[in-house]
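For reference, the chains in residue letters:
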Amino acid sequence: MPARAAPARIGPVITHVVLFRLADPVDRDEVIARVEAMRDRIPVLQSLQVGADVIDPARPNQVALVTAFDSVPDLDTYQAHPLHRELVEWMNDHGVVRSVVDFET
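Calculation criteria
Residues numbered from 1 in each chain as written. Predicted model: local features only at pLDDT ≥ 70, side-chain atom pairs only at ≥ 80, totals over all residues. Heavy atoms only, no water. Buried < 20%, exposed > 50% of the residue type's maximum accessible area, 1.4 Å probe, protein only. Helix = DSSP H or I, 4+ residues; strand = E, 2+ residues; numbered from the N terminus. Pairing = 2+ DSSP bridges. Contact = heavy atoms within 4.5 Å.

Section: the pairing of strand β3 (residues 63–69)
Most of β3 is tucked away, with 5 of its 7 residues classed as buried. Relative to β3, strand β1 (residues 14–21) is paired through 7 bridges, and the arrangement is antiparallel. From the neighbouring strand, His16 faces β3, where its bridge partner is Thr67. Sheet analysis places strand β2 (residues 47–52) next to β3, joined by 6 bridges and oriented antiparallel. Across the sheet, the residue bridging to Val50 is Leu65, located in β3.

In structure tokens form, the structure reads like this:
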């Protein structure tokens, strides 16, 4: 039996992009690990990509996160989730500055 094709999307995707400026570059791997820890643990999170700048680690933003959601309410649910709140608290405690853009595609 042939594999079924994925159903066509019925609506836009909300993409949430976060750039992280670390107070201490040694926190880079910890930031990535803490972000990765959310993968598959927050049901509304459709995709998650995180990584460090591989071209110029001296740039102001050393880590980037790109996530996708089916709707703005799903993004709101993600941001209120205890795992996300714990991550934000840790970043605040470690002086991580975040720049965020949310857009629809």
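With respect to the environment of Met38
By the secondary structure assignment, Met38 is in the loop between α1 (28–36) and β2. Each residue touching Met38, except ones within four places of it in the same chain, is listed here: Leu45, Leu48, Tyr78, Leu83, His84 and Leu87.

Function-wise, these values are silent; they only describe arrangement.
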